[in-house]
Amino acid sequence: MNTHNTIEKMTAMRMKAMAAVYHQAVTQHLYREMGQDEFTALMIDQEWEDRQHRRIQRMMTNARFQQHASARDLDFKDGRKLDRTLIERLLSMGFIKHRENIIITGPTGVGKSYLAQAIGVQACQMLHRTTYFTTSRLFEEVKLARMQGTYLKMMGLLIKQDLLIIDDFGLCPMDAIDRQTLLEIVDGRHQKRSTLISSQIPVAGWHALIGEGTMADAILDRIVNTSHRLQLSGDSLRKKQNLSQ
């Protein structure tokens, strides 16, 4: 048997993890106590895990998160009013299965963006296609896509994401194009995909924020009525970090 040739073929077929295990077995004489079936299962398991890991990493990259957020690092101190039971339920990703939305509100610096991205990271780790945008970047990229003739392609990608995160909603005023964009997104995703929106503005103020009453009614009807609501409170975490330095 030409061992080197076998490893080259595995690598050419992108079975890198399997090739690595086989190479260890041949060169380091590992796994000798295993039977043929056990060793074959080991190689397949290693290849499967490696491919899943690489798939998750691609999804994380494509999501374009701004922070390395982790659910393990969430702060559940009493002052923030962060419901651990609800968060754990959301992190199970059942809301994506049921095509429900999440709304996170609270003052600046209390961790809304971090929480939103921690949920997004967890979604990627559970192999749900996820995309993160700040509201301003979303509207800017959609307008650019209109000019470049790729609007329909971009909207199709936004609508098909299992989880779309729209952060910092309400920080910038919306014009007529922004309102139309938001309506098309939420209408296309309504009862089909999950959307997470975070904002400093309480939900009660969103109608005035969106403007144009009929369109605001249509947008909010598709978002709010099927949403889990998280309202954070407390002092700015950024301020605390600066004081501790």
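**Some words on the pattern of salt bridges**
Counting across every chain of the model gives nine salt bridges. Notably, a salt bridge pairs Asp50 with Arg54, separated by 2.8 Å at the nearest N-O pair. Here Asp50 and its partner Arg54 are both found in helix H3 (residues 36-63), four residues apart, which amounts to about one turn of the helix. Overall, Arg54 belongs to the partly exposed group, its relative accessible area being 30%. The partner of Asp178 in a salt bridge is Lys143, and the shortest N-O contact between them spans 3.3 Å. With Asp178 in helix H9 (residues 176-189) and Lys143 in helix H7 (residues 135-148), this pair connects stretches of sequence that are 35 residues apart. Since its relative accessible area comes to 5%, Asp178 is described here as buried. Of the residues examined, Lys143 reaches a relative accessible area of 28% and is grouped as partly exposed. Shared partners join several salt bridges into a network, and the residues in it are Glu47, Asp50, Arg51 and Arg54.

**Comments concerning H7**
The end-to-end C-alpha separation of H7 is 20 Å, in line with the 20 Å expected for 14 residues at 1.5 Å each. On the buried face of H7, the contacting elements are strand S2 (130-134), helix H8 (151-160), strand S3 (163-169) and H9. In the segment just after H7, Gly149 is the residue with positive phi, at about 80°.

**Description of the side chain of Thr134**
Position of Thr134 relative to the elements: it lies in strand S2. Given a relative accessible area of 10%, Thr134 falls into the buried group. Beyond its immediate stretch of four places on either side in the chain, Thr134 contacts Gln66, Asp167 and Asp168.

**Re the sheet that holds S2**
Strand order in the open sheet formed by five strands is S2-S3-S4-S1-S5, and the pairing between neighbours is parallel. The strands lining the two open edges of the sheet, one partner per strand, are S2 and strand S5 (227-231). Ignoring which end each strand starts from, the neighbouring axes of this sheet average 10° apart. Where S2 and S3 come together, five bridges link them in parallel fashion. Bridging across to S3, Tyr132 finds its partner in Ile165. The sheet strands contacting H9 are S3 and strand S4 (194-199), and the helix crosses S3 at an angle near 145°.

**Here we look at the side chain of Lys112**
Relative to the helices and strands, Lys112 is located in helix H6 (residues 112-125). Buried charge without a partner: Lys112 forms no salt bridge, and the closest opposite charge is Asp168, 5.9 Å away. If sequence neighbours within four positions are ignored, Lys112 has contacts with Ile104, Thr105, Gly106, Pro107, Ser198, Ser199, Gln200 and Leu232.

**Digging into empty space enclosed by the protein**
Scanning the model with the defined rule gives one cavity of 30 Å³ or more in all. A volume near 60 Å³ is recorded for the largest cavity. In terms of lining residues, the largest cavity is bounded by Arg99, Asn101, Val186, Arg189, His190, Gln191, Arg193, Thr195, Arg222, Ile223 and Thr226. Of all elements in the fold, only H9 and helix H11 (213-223) reach the threshold of two or more residues within the lining of the largest cavity. Per-class residue counts for the lining of the largest cavity are two nonpolar, five polar and four charged.

**Quick word on the nonpolar core**
Core analysis: the biggest nonpolar cluster contains 30 residues, and Leu115 and Ile119 have the highest contact counts within it. Put simply, the parts of the chain that give this core at least two residues each are H3, helix H4 (84-91), helix H5 (94-97), strand S1 (101-105), H6 and S3. It is H6 that contributes the most residues to this core, seven residues altogether. Setting aside chain neighbours within four positions, we find Leu115 in contact with Leu74, Leu82, Ile87, Ile104, Leu230 and Leu232. Phe133, Ala145, Ile166 and Leu182 belong to the second-largest nonpolar core, a separate cluster that totals 28 residues.

What counts and what doesn't
Residues numbered from 1 in each chain as written. Predicted model: local features only at pLDDT ≥ 70, side-chain atom pairs only at ≥ 80, totals over all residues. Heavy atoms only, no water. Salt bridge = Lys/Arg side-chain N within 4 Å of Asp/Glu carboxyl O. Helix = DSSP H or I, 4+ residues; strand = E, 2+ residues; numbered from the N terminus. Buried < 20%, exposed > 50% of the residue type's maximum accessible area, 1.4 Å probe, protein only. Expected span 1.5 Å × (residues − 1). Contact = heavy atoms within 4.5 Å. Pairing = 2+ DSSP bridges. Axes fitted to C-alpha atoms, helices over the stretch in contact; angles between N-to-C directions. Lys, Arg positive; Asp, Glu negative; His and termini not counted. 1 Å grid on protein atoms, 1.4 Å probe; cavity = no way out; pocket = protein on both sides within 12 Å on 5 of 7 lines; lining within 4 Å. Points joined across faces, edges and corners; volume = space filled by probe spheres on them. Nonpolar A, V, L, I, M, F, W, Y, C, P; charged D, E, K, R; others polar. Core = buried A, V, L, I, M, F, W, Y, C linked by side-chain atoms within 4.5 Å.

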